Amino acid sequence: MAGATQDKDTSKAIVRISNLSKVYDGGHTALKDVTLDIADGEILALLGPNGAGKTTMISIICGIVTASGGSVTVDGHDIETDYRHTRSLIGLVPQEITLEPFETVSRTVGFSRGLFGKRADKGYIEKVLRSLSLWDKRNDKIVTLSGGMKRRVLIAKALSHEPRILFLDEPTAGVDVELRKDMWKLVRKLSDDGVTIILTTHYIEEAETIADRIGVINRGELLLVENKDTLMQRMGKKQMEISLHSPIDAVPDALASYRLERANGGSTLIYTYDTKAERTGITKLLADLNATGLKLRDLQTRQSSLEQIFVDLVRSSS
Amino acid sequence: MNTQAVWAIYRFEMARTGRTLLQSLVSPVISTSLYFVVFGAAIGSRIEEVDGVSYGAFIVPGLIMLTVLTQSISNASFGIYFPKFLGSIYELLSAPVSFFEIVIGYVGAAATKSLMIGMIILMTAGLFVPLQIDHPVWMLIFLVLTCVTFSLIGFIIGIWADSFEKLQLVPILVVTPLVFLGGSFYSISMLPPVWQTVTLFNPVLYLISGFRWSFYGAADVSIELSITMIGVFLASSVAIIWWIFKTGYKIKS
Ligand SMILES: Nc1ncnc2c1ncn2[C@@H]1O[C@H](COP(=O)(O)OP(=O)(O)OP(=O)(O)O)[C@@H](O)[C@H]1O
Ligand SMILES: [Mg+2]
């Protein structure tokens, strides 16, 4: 296989989420009609404020929570009727640290492997523990480990059965800079090995650094899923908002070359330009605008960052 | 069938038992010895033979049942409640295991532990009174069936309980009284007729009676009835487990 395309065959979805919804017993709607395809081998980052439904979505796919509506397939198999197949492919690192305190590291990790139907394999477990710098701690009781180490034990458990899909629910929450970098490295390494990775995070920077695609969830709705590169391109650009005195139904033909977007029901035009380009085209646009006879009320430029996109999305959906 | 998983759960649970082996075994041994000192020696010396056996020997099967029942329930209920309490149950739910396999792993481990304890008590008892076991095979069958059945009941309690208080409620409120009133320390023929009739409604009576029959060949109720009752217990526990599995009761949100 050739270079860049070798790892991501994004044409094949390994996880297909269709119209997924969840209403908890108390009546709270945690997911509303979410549809999403996760490509084989990609790294997908899910962003969203507290309570957005990220953990709920992951929990449904993994079998911890029952969906109220919709369906999910993993590797072409339904997660309910064919759970043995789908679950054996999935590793989950939960958001909360939940470990048996008086067990040793190696027994805890070995248990996970067995639970997923795999034969004991000391060599493989050693490899996993070493890659997470846990080998020296293998005979220590969980209760004696620090928080960051416990999180690594959770990761080791999830990797113990050689999953093809790995869910990391806020893997870097409460983790120091050093360990965070280590985790990113690990995620990349796993991704290079062909593991599909879905992670949730509150750090936009983190999503930017490691994800191939970024999804934004708020109040149980998937607001956006886009390639990071596409998003980044938007970020390298600036936008100029042109407020008009009176709204227009369509952008005049004379301005077609500027690819203006209409917003606010036609009373605002948005011009996106590349700050790095030699000519921004602003002067010419303003002159052409004048020629069309449109009256301007205000002008404003802004840098669109992922952060801005995120904040805007979340705010407008709330 | 994911036998690897069943085995993994079983071993993990047995390891917990192993870690606490001393406590698990020492306390039943001590309490059994105390029972023998108090009931067997002090009180027993003033009681005539019951059904042709010395009082000390007479209480051995009841004592074993008392401990095995309580231990089965507490081991199994704790075994499944603990991961629920810690949250580590997420892993069981996300693993390619069926509910049935989970039950076998946990109940198997709990039953093994109580069987071990039952045997230890039997041996401890041997230090105090001469043991006589007329039907050793039946004795073992009764013991194993009781361990399994009450571990199943314990598992159900562990799933149902959402606090440590509830976890202890059933054993204290229901099981201990039933066992004490089920003829552990007396033959129901020693009771006034009215109470004899009342006692017949106590399901534990049938277990103890059958178990005692396997030792001394004498029983309060017929052996067939005892076996039937164990079967009923087992079947009801399995039915409830099956219902939990079907409805996902208290396991999944
Ligand atoms: N077991 C439950 N029973 C009832 N409601 C629940 C349950 N679990 C979650 N919720 C509710 O569902 C909503 C979504 O929760 P979820 O944990 O999926 O959010 P999240 O996106 O993971 O948030 P965070 O970033 O804080 O982890 C929240 O409003 C939460 O209160
Ligand atoms: Mg969450």
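This is a predicted model, so every value here is computed, not measured.

Some remarks on the overall build of chain A
For step 1, the next point in the chain: Helices and strands together make up the secondary structure of chain A, namely ten helices and 14 strands.
For step 2, the next point in the chain: Dimensions along the principal axes, computed over C-alpha positions, put chain A at roughly 75 × 45 × 40 Å.
For step 3, the next point in the chain: A buried classification covers 47% of the 318 residues belonging to chain A.
For step 4, the next point in the chain: Considering only residue pairs separated by 6 or more positions, chain A has 70% of its internal contacts joining residues 24 or more positions apart.

What to know about the sheet that holds strand 1 (residues 13–23) of chain A
For step 1, the next point in the chain: Read across the sheet, four strands follow the order 2-1-4-5 (chain A) without closing on themselves; strand pairing throughout is antiparallel. Among the strands making up the open sheet, the edge pair consists of strand 2 (29–39) and strand 5 (77–78) of chain A.

Remarks on the pattern of salt bridges
Any two side chains of opposite charge can pair, so long as their charged atoms come close to each other.
For step 1, the next point in the chain: For the structure on display, the rule yields 17 salt bridges over all chains.
For step 2, the next point in the chain: For aspartate 75 of chain A, the salt bridge identified is with arginine 164 of chain A, shortest N-O distance 3.9 Å. Of the two residues, aspartate 75 of chain A is situated in the loop between strand 4 (69–74) and strand 5 and arginine 164 of chain A in the loop between helix 5 (147–159) and strand 7 (165–169); the sequence distance between them amounts to 89 residues.
For step 3, the next point in the chain: Put simply, glutamate 103 of chain A and arginine 19 of chain B hold a salt bridge, and the shortest N to O gap is 2.7 Å. Of this pair, glutamate 103 of chain A sits in the loop between strand 6 (90–93) and helix 3 (105–115) while arginine 19 of chain B is found in helix 1 (residues 3–19), placing the two residues in two different chains.
For step 4, the next point in the chain: A relative accessible area of 1% places glutamate 103 of chain A in the buried class.

Notes on the site of ligand 1
For step 1, the next point in the chain: Around ligand 1 there are 15 residues in total, and Gly51, Lys54, Thr55, Thr56 and Gln95 of chain A lie nearest to it.
For step 2, the next point in the chain: Site remark: ligand 1 is flanked by residues from chains A and B.
For step 3, the next point in the chain: Against a free-state accessible area of 640 Å², the protein chains account for coverage of 66% of ligand 1.
For step 4, the next point in the chain: It is helix 1 (residues 54–62) of chain A that provides the largest number of residues to the shell around ligand 1, a total of three residues.
For step 5, the next point in the chain: Its residues placed into classes, the shell around ligand 1 shows four nonpolar, nine polar and two charged.

Details of the sheet that holds strand 8 (residues 196–201) of chain A
Residues and elements named next belong to chain A.
For step 1, the next point in the chain: A sheet is described by the order of its strands in space; here six strands give the open sequence 6-7-8-3-9-10, paired in mixed fashion. Two strands bound the open sheet, and with one partner strand each, they are strand 6 and strand 10 (221–227). Going across the sheet, the axis of each strand differs from the next one's by a mean of 15°, ignoring polarity.
For step 2, the next point in the chain: Where strand 3 (residues 43–47) and strand 8 come together, five bridges link them in parallel fashion. Bridging from a neighbouring strand, isoleucine 43 pairs with isoleucine 197 of strand 8.
For step 3, the next point in the chain: Where helix 6 (residues 177–192) meets the sheet, it contacts strand 3, strand 7 and strand 8, and its direction lies at approximately 155° from that of strand 8.

Remarks on the packing of helix 3 of chain A against helix 4 (residues 122–131) of chain A
Residues and elements named next belong to chain A.
For step 1, the next point in the chain: The geometry of helix 3 relative to helix 4 is characterised by a closest axis approach of 11 Å and an angle of 120° between their N-to-C directions. Here helix 3 is positioned oblique relative to helix 4, judged by the angle of their axes. You can see that helix 3 and helix 4 cross each other, and the crossing is right-handed. Each of Val105, Val109 and Arg113 in helix 3 lies in contact with helix 4, whose residues at this interface are Tyr124, Ile125 and Leu129.
For step 2, the next point in the chain: Its residues placed into classes, the contact of helix 3 with helix 4 shows five nonpolar, no polar and one charged.

Considering the environment of valine 198 of chain B
For step 1, the next point in the chain: With respect to the helices, strands and loops of the structure, valine 198 of chain B is situated in helix 8 (residues 193–199).
For step 2, the next point in the chain: Sequence-wise, valine 198 of chain B and aspartate 134 of chain B are 64 residues apart; in three dimensions their C-alpha atoms are separated by 29 Å.

Focus: the coordination of the magnesium ion (ligand 2)
Octahedral metal centres with six donors ideally show angles of 90 or 180 degrees, and tetrahedral centres with four donors ideally show 109.5 degrees.
For step 1, the next point in the chain: Surrounding the magnesium ion (ligand 2) are the protein donor atoms Thr55 of chain A (OG1) and Gln95 of chain A (OE1), at 1.9 to 2.2 Å. With threonine 55 of chain A in helix 1 and glutamine 95 of chain A in the loop between strand 6 and helix 3, this pair connects stretches of sequence that are 40 residues apart.

Quick look at the domain arrangement of chain A
For step 1, the next point in the chain: Per the domain assignment, the segments making up chain A are domain 1 (13–233) and domain 2 (237–304).
For step 2, the next point in the chain: Each of domain 1 of chain A and domain 2 of chain A has a C-alpha centre, and the two are 43 Å apart.

Concerning the interface of chain A and chain B
For step 1, the next point in the chain: Listed as interface residues are 31 residues of chain A and, on the opposing side, 27 residues of chain B.
For step 2, the next point in the chain: Across the interface of chain A and chain B, roughly 2700 Å² is buried in total on both sides, 58% from carbon and sulfur atoms.
For step 3, the next point in the chain: Viewed at the interface, chain B and chain A are joined by four salt bridges.
For step 4, the next point in the chain: A salt bridge links arginine 84 of chain A to glutamate 101 of chain B, with the nearest nitrogen and oxygen atoms 2.7 Å apart.

Notes on the pairing of strand 4 of chain A
Residues and elements named next belong to chain A.
For step 1, the next point in the chain: With five bridges joining them, strand 1 and strand 4 adopt antiparallel strand pairing. Its bridge partner lying in strand 4, serine 18 is registered against serine 71.
For step 2, the next point in the chain: In this structure, strand 4 lies alongside strand 5, joined through two bridges in antiparallel fashion. In the sheet register, threonine 73 faces strand 5, and the bridge partner there is aspartate 78.

As for the nonpolar core
For step 1, the next point in the chain: Counting residues in hydrophobic clusters, the biggest one holds 100 residues, and the most contacted among them are Ile17 of chain A together with Phe155 of chain B.
For step 2, the next point in the chain: Looking at this core, the element that brings in the most residues is helix 5 of chain A, giving seven residues.
For step 3, the next point in the chain: Filtering out sequence-adjacent residues up to four positions away, phenylalanine 155 of chain B remains in contact with Ala76, Ser77, Ile80, Phe99, Ile102, Val103, Tyr106, Val107 and Ile241 of chain B.
For step 4, the next point in the chain: Core analysis: the second largest hydrophobic core is formed by 46 residues, Phe58, Met139, Val179 and Val221 of chain B among them.

Definitions and cut-offs
Residues numbered from 1 in each chain as written. Chains lettered and ligands numbered in written order. Predicted model: local features only at pLDDT ≥ 70, side-chain atom pairs only at ≥ 80, totals over all residues. Heavy atoms only, no water. Helix = DSSP H or I, 4+ residues; strand = E, 2+ residues; numbered from the N terminus. Buried < 20%, exposed > 50% of the residue type's maximum accessible area, 1.4 Å probe, protein only. Contact = heavy atoms within 4.5 Å. Pairing = 2+ DSSP bridges. Salt bridge = Lys/Arg side-chain N within 4 Å of Asp/Glu carboxyl O. Near = heavy atom within 4 Å. Areas by Shrake-Rupley, 256 points an atom, 1.4 Å probe, with all protein chains shown as cover. Nonpolar A, V, L, I, M, F, W, Y, C, P; charged D, E, K, R; others polar. Axes fitted to C-alpha atoms, helices over the stretch in contact; angles between N-to-C directions. Parallel < 35°, antiparallel > 145°, perpendicular 65-115°, else oblique. Left-handed = near helix turned anticlockwise from the far one by under 90°. Donors = N, O, S within 2.8 Å, 3.2 Å for Na, K, Ca; no water. Domains from an automatic or database assignment. Buried area = accessible area lost by both parts, 1.4 Å probe. Core = buried A, V, L, I, M, F, W, Y, C linked by side-chain atoms within 4.5 Å.

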